[in-house]
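Understanding the architecture of this molecule
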Amino acid sequence: MGTVNHPEELYTFDEAAPTVPAGLHLVAGLTGFADAGSAVAQVTTSVLEDLDTQLVAEFDPDVLLDWRARRPVITFEHDHIAAVEPPRLALHLVRDEIGQPFLFLSGYEPDFQWNRFVDAVTGLAAQLQVADTTWVQSIPMPVPHTRPISLTVSGTRADLVEQMSVWKPETQAPANVLHLVEHRLASTGSQVTGLVLLVPHYLSDTEFPDAAVAALSGIAAATGLIFPTDALREAGREFLTRVEEQVAGNAELQRLVGVLEERHDTYMEGNPVASPLTDVDGEVPTADAIAAELERFLADRRTQGDGGE
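Residues numbered from 1 in each chain as written. Predicted model: local features only at pLDDT ≥ 70, side-chain atom pairs only at ≥ 80, totals over all residues. Heavy atoms only, no water.

Across its full length, the protein chain carries nine helices and ten strands. Pairs at least 24 apart in sequence give 78% of the contacts found in the protein chain among residues at least 6 apart. Surface exposure of the protein chain reaches about 15,500 Å², of which carbon and sulfur atoms provide 49%. (Helix = DSSP H or I, 4+ residues; strand = E, 2+ residues; numbered from the N terminus. Contact = heavy atoms within 4.5 Å. Areas by Shrake-Rupley, 256 points an atom, 1.4 Å probe, with all protein chains shown as cover.)

Encoded structure:
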């Protein structure tokens, strides 16, 4: 007989893990696939650095991770390696700004053993008796940066779909592993919500603070949790000021942003447009120029390190 690989062998509870109360919200966001605007990465940093956290369990990277694709980061000091920072996938007990506890699953999206990982996550959710699960992802879309970031909402919460979901496509797309977790939880009657942010595609390779703010706002709406967003909002205002400066000085960029704005507004007004990214004839707007121009601009700013400001 072959060896039985139990899902619970994928993770280890921390020796100092706190007692986890029953009935908590589970919030999840994994990086490694389609994290447009680095929304999930920024949410992870904000939660783990700005809130009170305690490690509950950590997953085994030797089983789940392709180390050659996502190598550890080292700190090299003159003549020696001072530190090694391997990728982590872990479950934390966190308290929000007003002390409400919740569980937070964050880190890399597994490269291997997805079915077993889904079994492990749903098993943990059952073992810890979570009240519900909310997960977040961001994808690049031809939408303008001058409009609020919209959401596609999935899962079992019809009220949230009705209130928050702007784009409700019927389509096929590559899955995030948390899609599989959502599908499994929904099939067992558990409460689960997926929040997919629609981020301007020409900003998808940047660290777009407004994307993180939108993600945290969506999680807050789904769970009632309170997150600190002041620093992200301030960074977002500075970021968009730089983008607007570039657009204002380029007539072609103004025209292309205008096209995206018109199609977005037409869709939002309930006119016969099937999607916020196409016109009535189903044509996808040509916005590659704005992407290229803004990416060059933002790359230049990163290279300069904003030293001129």
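Back to the write-up after that little detour.
On to the environment of Thr133, then. As for its position among the elements, Thr133 is in strand E8 (residues 132–141). Classification of Thr133 as buried rests on a relative accessible area of 5%. It is 9.4 Å that separates the C-alpha atoms of Thr133 and Ala222, two residues lying 89 residues apart in sequence. (Buried < 20%, exposed > 50% of the residue type's maximum accessible area, 1.4 Å probe, protein only.)

Per-residue confidence for the protein chain gives a mean pLDDT of 89; residues scoring 70 or more make up 86%. Segment residues 278–287: pLDDT under 50, and 21 contacts once partners within four positions in sequence are set aside and those in other chains are kept. (pLDDT = per-residue confidence, 0-100.)

With that out of the way, let us pick up a nonpolar patch on the surface. Together, Ile74, Phe76, Ile81 and Val84 make up an exposed nonpolar region whose accessible area comes to about 400 Å². Counting residues per element, the ones that place at least two in the nonpolar patch are strand E4 (73–77) and strand E5 (80–85). With respect to the helices and strands, the residue Phe76 is situated in strand E4. (Patch = residues over 30% accessible without salt bridge, like charges linked within 9 Å, V, L, I, M, F, W, Y side chains within 5 Å. Salt bridge = Lys/Arg side-chain N within 4 Å of Asp/Glu carboxyl O.)

When we look at burial in helix H5 (residues 177–187), the residues that qualify are Val177, Leu178, Val181, Glu182 and Leu185. All buried residues of H5 lie within an arc of 145° about the axis, which places them on one face of the element. Facing away from the buried side of H5 by over 90 degrees, the exposed positions are His183 and Ser187. Here the buried face of H5 lies against strand E2 (25–31), helix H3 (114–127), E8, strand E9 (150–155) and strand E10 (192–200). Capping the start of H5 is the job of one residue whose side-chain oxygen sits 2.8 Å from the backbone nitrogen of Leu178: Asn176. In the stretch just after H5, Gly189 is the one whose phi turns positive, near 85°. (Arc of directions from axis to C-beta. Polar contact = N/O pair within 3.5 Å; in protein donor to acceptor, adjacent residues only side chain to side chain.)

Once that is clear, we can look at the sheet that holds strand E6 (residues 89–95). Reading across from one edge, E1-E3-E6-E7-E2-E8-E10-E9 is the order of the eight strands in this open sheet, with mixed pairing throughout. Among the strands making up the open sheet, the edge pair consists of strand E1 (11–13) and E9. On average, adjacent strands in this sheet sit at an angle of 25° to one another, irrespective of strand direction. The sheet contact formed by E8 and E10 spans nine bridges and is parallel. Across the sheet, Met141 pairs through a bridge with Pro200, a residue of E10. In this fold helix H6 (residues 209–223) packs onto E2, E8 and E10, with an angle of close to 155° to the strand it touches most, E10. (Pairing = 2+ DSSP bridges. Axes fitted to C-alpha atoms, helices over the stretch in contact; angles between N-to-C directions.)

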